[in-house]
Amino acid sequence: MKRVVVGLSGGVDSSVAAYLLQQQGYEVIGLFMKNWHDDSVTISNECPWLEDSNDALLVAEKLGIPFQTVDLSEQYKEKIVDYMFNEYEKGRTPNPDVLCNREIKFDVFMKIALSLGADYVATGHYCQKNEIEVDGKPVYQLIAGADVNKDQSYFLCQLSQEQLAKALFPIGALTKPEVREIATEMELVTADKKDSQGLCFIGKVRLPEFLQQKLQPKDGTIIQIDKNDPIYNTFEPSGISFEEELALEAEKFPYTPNMGKVVGSHQGAHYFTIGQRKGLNVGGTTDPLFVIATNVETNTIYTGLSSQHPGLFKKALFIEQSEVHWIRTDLALSVGEEREVMARIRYRQPLQKATLYQFESGMYIRFQEPQSAITEGQFAAWYDGNELLGSGVIS
């Protein structure tokens, strides 16, 4: 009998995942990950992890499976939280959820599970796994979840073949309403529980406030750049290589403070991200202002009027070679190769037509349509149909 350790989070998805595995004849063990208990960095007195671990325990009792809590807050702080602060300080916008899956759930947590004699680790993610054979060896595919509205394959875009080999996603073929229905039928305490929002670890915390506790506020100016600024005049460069052409398309606009007018002040450029419109507190504009760039060296925020401002759009992005990650290592591009794919630059973004170009220095993704708010530090993921092939950090 195969043994599976389920990461019980105290939510409905992982509860139903555990139940389904039990139905399929696995020996199931429930494990709750405690990732955070630094009380100096929480916002409210609510203690969600306590409530969640209690719900997870009740579900385990209902299903009659062994349950324990593992404290991973040490590793979490080092691998996720410290990394996040470092990235924000550099003016980048990291994705903690993608990292949490790569570094914690399918690494630290997986090792604990395997040490308990588990054959597999299961989570309540909305995605699917498939096994095919390539050159006589098993190769694992990461497939989007059947529920288009809930597909979470993007969050798993950094997993490896080794991690996928040991992973199970029991609810990937179900829709959210079906999952809730099963939980209700089984009278699981989590059946009507709301989906957790916010970071995958601090529960009910709002990011800027979290960051303010570690990154010191410093006053800077908000500058508005006119949409007709000459910087946006596209010229066709001649006599340059294709790689240089792509580099130009992926490059940031070189804004300087004297190019626009000062419209307000802020508490620190590192609290802001490209495409953001809330929290600027600049009034009296005809259209909403959007952040089009930040500069943490000069502590300046550049903004533009409306979601159609040319400063928000770029046709290409670059991923440094060390950050290019293929789930399907057998399909990895060699230098000089290209491939047509569907890609997204953030969770829930509809897939976009794009082409991958592999060079010595790294990979360019060039989109058919210019994309809004391509953000450094976030992950770009590329797909073939509903299969996620690989991903990388936007540089």
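Residues numbered from 1 in each chain as written. Predicted model: local features only at pLDDT ≥ 70, side-chain atom pairs only at ≥ 80, totals over all residues. Heavy atoms only, no water.

Section: the overall build of the chain
Per the secondary structure count, the chain includes 8 helices and 18 strands. Compactness check: the chain gives a C-alpha radius of gyration of 23 Å against a globular reference of 21 Å for 395 residues, within 12% of the reference. In terms of its C-alpha atoms, the chain occupies a principal-axis envelope of roughly 65 × 55 × 35 Å. For the chain, buried positions account for 50% of its 395 residues. On the chain, roughly 18700 Å² of surface is accessible, and the fraction owed to carbon and sulfur atoms is 48%. Here the chain contributes 37 positively and 54 negatively charged side chains, and the mean placements of these two sets differ by 3 Å. (Helix = DSSP H or I, 4+ residues; strand = E, 2+ residues; numbered from the N terminus. Rg over C-alpha atoms; globule rule 2.2 N^0.38 Å. Buried < 20%, exposed > 50% of the residue type's maximum accessible area, 1.4 Å probe, protein only. Areas by Shrake-Rupley, 256 points an atom, 1.4 Å probe, with all protein chains shown as cover. Lys, Arg positive; Asp, Glu negative; His and termini not counted. Charge placed at Lys NZ, Arg CZ, Asp CG, Glu CD.)

Details of the packing of aromatic side chains
By the definition in use, this model includes 12 aromatic pairs. A ring pair is formed by Tyr154 and Phe155, whose centres lie 6.0 Å apart and whose planes are at 65°; its orientation type is edge-to-face. Here Tyr154 matches Phe155 in class, with each residue buried. Ring centres of Phe253 and Tyr255 lie 5.9 Å apart, and the angle between their planes is 50°; this geometry places the pair in the tilted category. Each member of the aromatic cluster is reached from another via a ring pair, and the members are Tyr232, Phe253, Tyr255 and Tyr302. (Phe/Tyr/Trp six-rings, centres within 6.5 Å; stacked < 30°, edge-to-face > 60°.)

Brief notes about helix α1 (residues 12-23)
Taking 1.5 Å of rise per residue, the 12 residues of α1 would be expected to cover 16 Å, and the 17 Å separating its terminal C-alpha atoms lies within 8% of that figure. With respect to burial, α1 is a largely interior element, 10 of its 12 residues being buried. Burial in α1 covers these residues: Val12, Asp13, Ser14, Ser15, Val16, Ala17, Ala18, Tyr19, Leu20 and Leu21. Just beyond α1, the residue with positive phi is Gly25, at close to 90°. (Expected span 1.5 Å × (residues − 1).)

Observations concerning the confidence of the model for the chain
Averaged over the chain, the pLDDT score is 92; the fraction of residues at 70 or greater is 93%. Low pLDDT (under 50) marks residues 200-204, which in the prediction has 23 contacts with non-local residues, meaning those over four places away or in another chain. (pLDDT = per-residue confidence, 0-100. Contact = heavy atoms within 4.5 Å.)

Considering the packing of α1 against helix α6 (residues 176-185)
For the pair α1 and α6, the least separation of the axes is 9 Å and the interaxial angle reads 65°. Relative to α6, the element α1 lies roughly perpendicular. In the packing of α1 onto α6, the handedness of the crossing is left-handed. Two secondary-structure elements touch here, α1 through Val12, Asp13, Val16, Tyr19 and Leu20 and α6 through Lys176, Val179, Arg180, Ile182 and Ala183. For the contact of α1 with α6, the class distribution of residues is 7 nonpolar, no polar and 3 charged. (Axes fitted to C-alpha atoms, helices over the stretch in contact; angles between N-to-C directions. Parallel < 35°, antiparallel > 145°, perpendicular 65-115°, else oblique. Left-handed = near helix turned anticlockwise from the far one by under 90°. Nonpolar A, V, L, I, M, F, W, Y, C, P; charged D, E, K, R; others polar.)

Here we look at the sheet that holds strand β4 (residues 120-122)
Here we have 5 strands laid out as an open sheet, ordered β3-β2-β1-β4-β7, and parallel in their pairing. The sheet terminates laterally at β3 (67-71) and β7 (167-168), the two strands that pair on one side only. For strand β1 (residues 3-7) and β4, the ladder comprises 3 bridges, and the chain directions are parallel. Residue Val5 lies in a different strand from β4, and its bridge partner there is Val121. Along the sheet face, α1 touches β1, β2 (27-34), β4 and β7 and points at about 170° away from the line of β1. (Pairing = 2+ DSSP bridges.)

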